Every structure is written in C-alpha cells, then in structure tokens.
Amino acid sequence: MLGLDISSSSVKLVELGHNKAGDLVLERCAIVPLERGWIMDGNIEKFDEVADAVRRLVKKSGTKTRNVAMALPPSAVITKKITLPGGMSDQELEMQVETEANQYIPFPLDEVSLDFCIVGPSATSAGDVEILIAASRREKVQDIQGLAEAAGLKPVIVDVESYASRLATSRLIANLPNKGIGSVVALFEVGAQTTSMQVIRDDEVLYDRDQAFGGTQLTQLIVRQYGFSLEEAESKKRSGELPDDYETSVLRPFVESMVQEIGRALQFFFTSTPHNKVDYVLLAGGSAALPGLTAAVTQHTTFACTLANPFEGMEMGDGVRLKKITREAPSYLTSCGLALRRFMQ
C-alpha cells in the first residue's frame, strides 16, 4: 500500500516494504509540486489539475502498487473519545457509537463518513473501554478518494494527517534515549501556509495548535526583494538559484522570524499546561530543512532541536536517490506515516 499525502503545495508518495530480516525498506518516494490556489484551506479547488499531478507522481515514482492510504486535514475531521461498557459485540458497539456520535457531530449522520476504533481499557472506570470516533463530511472523503481513482489508484484507508505524522514520529521517538519513554516531544510541521504543532508524550497528545505561518512567507519575501513573479520565486527557492545576497537579506531574517514563531508556540504550551519544558523539538515539512534553522531553534529555546527524518533507520531501495532524499526527507513525514499503515492491523 502507498502513502499519498496531498497538501496545499505538493503531492507526495511513499512506498515501504520489509526485507528478509523484517526491517523497513524505503522502496520508492516522489514529490510533485502543486500550483498556488489548486488546494485552499484543505479544499480541492482545481480537481482536474490536482488529479493530473497525482497521475504524474505515480508515474514518476515507478510504482506498480495500486492500494493507497490518504489523509484529510484535522480541520475536516471531528474526533472524540468516548467511554462505553466493555464486552459488547461488534454490532452492539456500532449501534452505540452511532447513537453517541449524534451528540457530537453537527451534521446529519447520512451526510457523514464515520469510523471508530477501540483505544483500550478505560483508565478511569473498570470494565469499560475507551473508543475513538472519527467523522468527516462525506463529500470531503469522496473528493480525495476521487483524486486517487482519477490516477488509477484504489483508496483503502482515509486517515487524519496529524495521526499519520504522529505514527511516523513514534518510530523516531522510539530511537531516543530510554526508547523515548516519558519524553515530551514538540513536533512542528512547517507547511506552505500553516505550521502545526503537536506536543507528544508516550503516544498521547498533550497539546496541539496551528499557526498561520509557513514557507509561502519566504517566497513572498523573495518576490519583494528581487521583483520575481510568485512562480519564479517558488521555482528559484526550490532550485537554490538565488542572488548572492539572498542568505543575508532574505533567508536569515525569515529563519529568525520562524524561530520566534516556534518560541511563541512553545510559550503558549507552557502557559496553558502544567509543563515548563520539552525534551526535544522535531521539525518537519518543506521549510524545516532551511540552513541554520535547527541550530537557531536550539539556541533560542534551549531545547535540543533536530530535523525529523521519517526514513531514519530504514534500508534504502534501489530506486531511491540518497542525496535527494536526505534533503527532502522532512517533507515526507505524513506520507511515510500513511505508508506505515500497511503494517498495522
């Protein structure tokens, strides 16, 4: 099964396998940029253009796999944890979940795609189980399924982006000292328009927050400084063909403002929870690999900051170009998390 991540600025694909020893292998990955305005606030505005980009992505990757896991942005999904009595049959559970869901979902149930899973025994009441309900408007689900189908793929899982990125991150946390047990990890995913923050400890989300700040702001600074069109600025930013003073005049001020945003988000976390520190800061997303960013975050916040490389510890397949993947790895966090669903029951 492929992991296919559709964001406002690009479509990304990851295919994972296992070697004989049972270790993960990165078989294929590819990325195709999307033009500005094709996807706005999680809504697909230009269906045919995005579907064509997905087709090009599949071709570029060279995969023959057709099953695909995809995800919706958290803003398009309502999630709720509820507690129900243990020992119910699947059918009883389903009926009970639908009854409960009616209270939390502000749309008629026949307009909604609904699913649930048993998280485990309730921590507070013996004999009960904790259930996670997830629901989204059916048209949102059909839109992204339609994109996959238009590219000849078969959508088998629709996940939530933040859950997928957490799944990929949990592998990285397990590689920390003491397997990351008890560590408070702040994950920042720097997208084109939005930076999302999740603070995680032992697979539990302690805090999450989105900020309207992202890589597009760097593109706009390039436009203002050099008079390029937006398209030119974006392609020169990707290729690195920028004037000599780019680093001092544009990049450094942008990195500084990004560091300020990350510091501010951490302060919000500290003031609204009992916590006053994090053990690690992880950066992911297209702009995370900017030169000097991790060092500047460490210096500003005093917390150890590293790039999230979701392929850490994986064997590289024959079709993977190592140099390219090292540079782009932080962009693949969500698509890697989706591809990992292949190995989960």
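Just so you know, these numbers come straight off a predicted model, no measurement behind them.

Let's shift gears to the overall build of the protein chain. In terms of regular secondary structure, the protein chain is built from 10 helices and 16 strands. Rg of the C-alpha trace for the protein chain: 21 Å, near the compact-globule value of 20 Å for 345 residues, within the 12% margin. For the protein chain, the C-alpha atoms occupy an extent of roughly 65 × 50 × 45 Å along the three principal directions. Looking at the 345 residues of the protein chain, the share that counts as buried comes to 45%. Put simply, of all contacts in the protein chain between residues at least 6 apart along the chain, 64% involve residues at least 24 apart. Of the roughly 17600 Å² that the protein chain leaves accessible, carbon and sulfur atoms contribute 48%.

Attention now moves to unusual backbone geometry. Even without a glycine there, the phi angle at Asn178 is positive, about 55°. With respect to the secondary-structure elements, Asn178 resides in the loop between helix H4 (161-174) and strand S11 (185-190).

Attention shifts here to the packing of aromatic side chains. In total, this model carries 6 aromatic pairs according to the counting rule given. Seen from their ring centres, Phe213 and Phe254 are 5.7 Å apart, and the 10° between their planes marks the pair as stacked. With Phe213 in the loop between strand S13 (204-211) and helix H5 (215-226) and Phe254 in helix H7 (residues 246-272), this residue pair connects regions lying 41 residues apart in the sequence. Here the two residues Phe213 and Phe254 agree in accessibility, since each one is buried. Judged by centre distance (5.7 Å) and plane angle (50°), the rings of Phe311 and Tyr332 are tilted. Taken as a pair, Phe311 in the loop between strand S15 (304-307) and strand S16 (315-316) and Tyr332 in the loop between helix H9 (322-328) and helix H10 (333-340) lie far apart in primary sequence, 21 residues in all. Accessibility classification places Phe311 together with Tyr332 in one group, the buried group.

A grouping of Lys60, Arg321, Lys323 and Arg327 is seen on the molecular surface, where their side chains present a positively charged patch. Within the secondary structure layout, Lys60 lies in helix H1 (residues 47-61).

Next up on the list: the pairing of strand S6 (residues 67-72). In terms of burial, S6 is a largely internal element, 5 of the 6 residues being buried. Pairing between strand S1 (residues 2-6) and S6: 2 bridges, direction parallel. Counted as the bridge partner of Gly3 is Ala69 from S6. In terms of strand pairing, S6 meets strand S10 (residues 154-160) through 6 bridges, oriented parallel. Bridging across to S10, Leu72 finds its partner in Val160.

Right, let's talk about the packing of H5 against H7 for a bit. Running from N to C, H5 and H7 point in directions that differ by 150°, and their axes come no closer than 10 Å. Relative to H7, H5 is oriented roughly antiparallel. Where H5 crosses over H7, the two elements pack in a sense that is right-handed. Every residue of H7 that contacts H5 at Gly215, Gln217, Leu218, Leu221, Ile222, Gln225 and Tyr226 is listed here: Tyr246, Ser249, Val250, Leu251 and Phe254. Across the contact of H5 with H7, the residue classes break down as 8 nonpolar, 4 polar and no charged.

So, how was this worked out
- Residues numbered from 1 in each chain as written.
- Predicted model: local features only at pLDDT ≥ 70, side-chain atom pairs only at ≥ 80, totals over all residues.
- Heavy atoms only, no water.
- Helix = DSSP H or I, 4+ residues; strand = E, 2+ residues; numbered from the N terminus.
- Rg over C-alpha atoms; globule rule 2.2 N^0.38 Å.
- Buried < 20%, exposed > 50% of the residue type's maximum accessible area, 1.4 Å probe, protein only.
- Contact = heavy atoms within 4.5 Å.
- Areas by Shrake-Rupley, 256 points an atom, 1.4 Å probe, with all protein chains shown as cover.
- Phe/Tyr/Trp six-rings, centres within 6.5 Å; stacked < 30°, edge-to-face > 60°.
- Patch = residues over 30% accessible without salt bridge, like charges linked within 9 Å, V, L, I, M, F, W, Y side chains within 5 Å.
- Salt bridge = Lys/Arg side-chain N within 4 Å of Asp/Glu carboxyl O.
- Lys, Arg positive; Asp, Glu negative; His and termini not counted.
- Charge placed at Lys NZ, Arg CZ, Asp CG, Glu CD.
- Pairing = 2+ DSSP bridges.
- Axes fitted to C-alpha atoms, helices over the stretch in contact; angles between N-to-C directions.
- Parallel < 35°, antiparallel > 145°, perpendicular 65-115°, else oblique.
- Left-handed = near helix turned anticlockwise from the far one by under 90°.
- Nonpolar A, V, L, I, M, F, W, Y, C, P; charged D, E, K, R; others polar.

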